[in-house]
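Residues per chain, in single letters:
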Amino acid sequence: MNLKRSAPLALALTLALLLSACGKNGFDPQNVAQHYAAGSLRAEYTVTTHAGVFTEYKLSYRDGDGLANVTILQPDSVAGVSAVLQSGDAVIRYEDVSLDALLPEVRGYAPMDVLYCLLEDLRDGVPSSYALEKDVVLLAYQGELPDGTETLKQVALDPETLDLLSAELFLDGRLILALQAESFQWEGLAAG
């Protein structure tokens, strides 16, 4: 068998298989927006901070009626602190005490608002790129802050359910936060 003649044929067959596989999966980022626009969500997830102090938080999330409730489950030193988030505003609560709070200027890069803002991106944003790799849908959302800082959010979704699996958030190429979903429960949403 002539190797020079069979190499282009093998390459063409490989490309054809790859392209047909993409077509069969039929992934469309618009489906993500529609999926995340319907229903309300209950989730538990872990957020690891990589900027400054390396810290791991376990949080619970519940949304509905335009509000999101986020509660820190771990570490024990801050367990029970919760926040009610709505359109960039936050009310922090612990036991019987509540106070209005300002979220960081860079929205979505703090453990308390990371999932809330990722869900906004999935609902309302258009990914700058996407790919289907190893049974995971990978989405990238790139942007720039007013001061010129480049933002990048890399999001991994389950291709069957479109549930969030994990995310990594970068500022100027530096990893700031990593999120790992532990459970996602949709209410008022037909199975996708």
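Look up: the structure comes first, before these words.
So, here's what we can say about the structure.

The rules behind these values
Residues numbered from 1 in each chain as written. Predicted model: local features only at pLDDT ≥ 70, side-chain atom pairs only at ≥ 80, totals over all residues. Heavy atoms only, no water. Helix = DSSP H or I, 4+ residues; strand = E, 2+ residues; numbered from the N terminus. Buried < 20%, exposed > 50% of the residue type's maximum accessible area, 1.4 Å probe, protein only. Contact = heavy atoms within 4.5 Å. Areas by Shrake-Rupley, 256 points an atom, 1.4 Å probe, with all protein chains shown as cover. Phe/Tyr/Trp six-rings, centres within 6.5 Å; stacked < 30°, edge-to-face > 60°. Polar contact = N/O pair within 3.5 Å; in protein donor to acceptor, adjacent residues only side chain to side chain. Salt bridge = Lys/Arg side-chain N within 4 Å of Asp/Glu carboxyl O. Lys, Arg positive; Asp, Glu negative; His and termini not counted. Arc of directions from axis to C-beta. Axes fitted to C-alpha atoms, helices over the stretch in contact; angles between N-to-C directions. Parallel < 35°, antiparallel > 145°, perpendicular 65-115°, else oblique. Nonpolar A, V, L, I, M, F, W, Y, C, P; charged D, E, K, R; others polar.

1. Focus: the overall build of the chain
In terms of regular secondary structure, the chain is built from three helices and eleven strands. The buried share of the chain, taken over its 192 residues, is 35%. Nonlocal contacts in the chain, meaning residues at least 24 apart in sequence, comprise 41% of its contacts between residues at least 6 apart. With the model as given, the accessible surface of the chain reaches about 11600 Å², and the carbon-plus-sulfur share is 53%.

2. Examining the packing of aromatic side chains
The description of two aromatic rings rests on the distance between their centres and on the angle between their planes. For the structure on display, the rule yields two aromatic pairs. With a centroid separation of 5.3 Å and an interplanar angle of 75°, the aromatic rings of Tyr 36 and Trp 186 are classed as edge-to-face. With Tyr 36 in helix H2 (residues 29-37) and Trp 186 in strand S11 (residues 174-187), this pair connects stretches of sequence that are 150 residues apart. Centre to centre, the rings of Phe 184 and Trp 186 are 6.2 Å apart; their planes meet at 65°, and the pair counts as edge-to-face. In this structure Phe 184 comes out as buried when scored by relative accessible area, which is 14%. Connected via pairs of aromatic rings, a cluster forms that spans Tyr 36, Phe 184 and Trp 186.

3. Here we look at the side chain of Lys 153
Relative to the elements of secondary structure, Lys 153 occurs in strand S9 (residues 150-157). Within the structure, Lys 153 has its side chain in polar contact with the side chain of Asp 121 (distance 2.8 Å). Sequence-distant contacts of Lys 153, that is, excluding residues within four places in its chain, are made with Arg 107, Tyr 109, Cys 117, Leu 118, Asp 121, Leu 139, Ala 140, Tyr 141, Glu 168 and Leu 169.

4. Comments concerning the pattern of salt bridges
Evaluation of the coordinates by the stated rule reveals four salt bridges. The residue Glu 44 makes a salt bridge to Lys 58 at a minimum N-O spacing of 3.7 Å. One end of the pair, Glu 44, is in strand S1 (residues 40-49); the other, Lys 58, is in strand S2 (residues 55-64), and 14 residues separate them in sequence. With its nearest N and O atoms 2.8 Å apart, the salt bridge here joins Lys 153 to Asp 121.

5. Digging into helix H3 (residues 114-124)
H3 sits mainly inside the fold: eight of its eleven residues count as buried. Turning to H3, its buried residues number three or more, namely Val 114, Leu 115, Tyr 116, Cys 117, Leu 118, Leu 119, Asp 121 and Leu 122.

6. Re the side chain of Asp 163
Looking at the secondary structure, you find Asp 163 in the loop between S9 and strand S10 (164-171). Within the buried set, Asp 163 has no salt-bridge partner at all; the shortest N-O distance to an opposite charge, 12 Å, is to Arg 123. Residues in contact with Asp 163, not counting those within four places in the same chain, are His 35, Tyr 36, Ala 156, Leu 157, Asp 158, Phe 184 and Trp 186.

7. With respect to H2
Within H2, the full set of buried residues consists of Pro 29, Val 32, Ala 33, His 35 and Tyr 36. Buried residues of H2, seen end-on, are gathered within an arc of 165° and therefore sit on one face of the element. Where H2 is buried, its residues touch H3, strand S7 (129-133), strand S8 (136-144), S9, S10 and S11. Looking at where H2 begins, the residue whose side-chain oxygen comes 3.0 Å from the main-chain nitrogen of Gln 30 is Asp 28. Positive backbone phi, at 80°, marks Gly 39, one or two positions downstream of H2.

8. A look at the packing of H2 against H3
One can describe the packing of H2 onto H3 by two numbers: an axis separation of 6 Å at closest approach and a directional angle of 125°. Relative to H3, H2 is oriented oblique. Here Val 32, Ala 33, Tyr 36 and Ala 37 of H2 come into contact with H3, specifically with Leu 119, Leu 122 and Arg 123. Of the residues belonging to the contact of H2 with H3, the class tally is six nonpolar, no polar and one charged.

Without other data, these values stay purely geometric and don't point to any function.
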